[in-house]
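Notes for the structure review
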Amino acid sequence: MRLSTRLHGMMDYAMGVVLIGVASAMPGGIPSTPGMVLAATGAISILNAMLTNFELGVFRKIQIPMHLWLDGILGLTVAVSPWLLSFDRDAWIPHAVVGALIIAAAFFTNTVPTVDRRRAPAAGA
C-alpha cells in the first residue's frame, strides 16, 4: 500500500511540529546536540513540505520525487547522527526511530500527487 501525497504532507507538517516540541523537552533542550538535531529535522521537514509541488505545498518549487529523495537523505542523516556527532551515549533511540520513520514514509509514498492522478486519462481512452 502506498501513502497518498496528501497524507505524506500532513505527516511532514505534524512530525515537524512534534519534533521541535520533543527537542525542547529533551534534557538540555534545543541547545543540546541531540535536541538541535531533532529541532533541525523538524524545521527541515516543514520547509521541505512547504516547497513541494503537492496538495499541501505553499511555494511548490520541488517535485514529489525530489522531496522523497530529500526525505530519505534526511532520515538516514538523523538515524546515524548520534554516532556521527558522538552523542550516542546520551540519546540514540529517538533519532534512530525518527530516521527510520522518515525513510519508510519516503519509500511508501506515491510519486504523483493525488490531484494529478485523478486528472490523468484512463488507460486505453
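Everything here concerns the structure above.
Here is a short report on the structure shown in this document. (Residues numbered from 1 in each chain as written. Predicted model: local features only at pLDDT ≥ 70, side-chain atom pairs only at ≥ 80, totals over all residues. Heavy atoms only, no water.)

Concerning the overall build of the protein chain
On a plain count of helices and strands, the protein chain comes out with five helices and zero strands. Counting helices and strands in the order they occur from the N terminus, the protein chain gives α-α-α-α-α. Across its three principal axes, the protein chain shows a C-alpha extent of roughly 60 × 25 × 20 Å. Restricting the contact set of the protein chain to residue pairs at least 6 apart, pairs at least 24 apart contribute 59%. The averaged location of the 6 negative side-chain charges in the protein chain is 12 Å from the averaged location of its 8 positive side-chain charges. (Helix = DSSP H or I, 4+ residues; strand = E, 2+ residues; numbered from the N terminus. Contact = heavy atoms within 4.5 Å. Lys, Arg positive; Asp, Glu negative; His and termini not counted. Charge placed at Lys NZ, Arg CZ, Asp CG, Glu CD.)

Details of the packing of aromatic side chains
Two descriptors summarise a pair of aromatic rings, namely the distance from one centre to the other and the angle between the planes of the rings. Applying the stated criterion across every chain, the model contains two aromatic pairs. When the centroid spacing of 5.7 Å and the interplanar angle of 50° are considered together, the rings of W83 and W92 count as tilted. In this structure W92 comes out as partly exposed when scored by relative accessible area, which is 39%. Plain terms: the ring middles of F107 and F108 are 5.0 Å apart, the flat faces sit at 90° to each other, and that makes the pair edge-to-face. For F108, a relative accessible area of 40% translates into the label partly exposed. (Phe/Tyr/Trp six-rings, centres within 6.5 Å; stacked < 30°, edge-to-face > 60°. Buried < 20%, exposed > 50% of the residue type's maximum accessible area, 1.4 Å probe, protein only.)

Observations concerning the environment of M50
Tracing the backbone through its elements, the reader meets M50 in helix α2 (residues 33-51). Sequence separation between M50 and I62 is 12 residues, and the spatial gap between their C-alpha atoms is 9.2 Å. Other than its neighbours up to four places away in sequence, M50 contacts Y13, G57, V58, F59 and R60.

Topic: the packing of helix α1 (residues 5-25) against helix α3 (residues 64-84)
With their axes 13 Å apart at the nearest point, α1 and α3 run at an angle of 40° to one another. Considering their axes alone, α1 and α3 lie oblique with respect to each other. Regarding α1 and α3, the two cross each other, and that crossing is left-handed. Where α1 approaches α3, its residues T5, H8 and D12 are matched on the opposing element by I64, H67, L68 and D71. By residue class, the composition of the contact of α1 with α3 is two nonpolar, three polar and two charged. (Axes fitted to C-alpha atoms, helices over the stretch in contact; angles between N-to-C directions. Parallel < 35°, antiparallel > 145°, perpendicular 65-115°, else oblique. Left-handed = near helix turned anticlockwise from the far one by under 90°. Nonpolar A, V, L, I, M, F, W, Y, C, P; charged D, E, K, R; others polar.)

Brief notes about the environment of N53
As for its placement among the helices and strands, N53 is situated in the loop between α2 and α3. Once the C-alpha coordinates of N53 and I64 are considered, the two residues, 11 residues apart in sequence, prove to be 6.6 Å apart. Contacts of N53, omitting those with residues within four sequence positions, involve R60, I62, Q63, I64 and P113.

Quick notes on helix α4 (residues 93-107)
Between the first and last C-alpha of α4 there are 21 Å, a value that for 15 residues agrees with the 21 Å anticipated at 1.5 Å per step. Those residues of α4 that fall on the buried side of the exposure criterion are H95, V98, G99, I102, A105 and A106. The buried residues of α4 occupy one face: seen down the axis, they fall within an arc of 130°. On the buried face of α4, the contacting elements are α1, α2 and α3. (Expected span 1.5 Å × (residues − 1). Arc of directions from axis to C-beta.)

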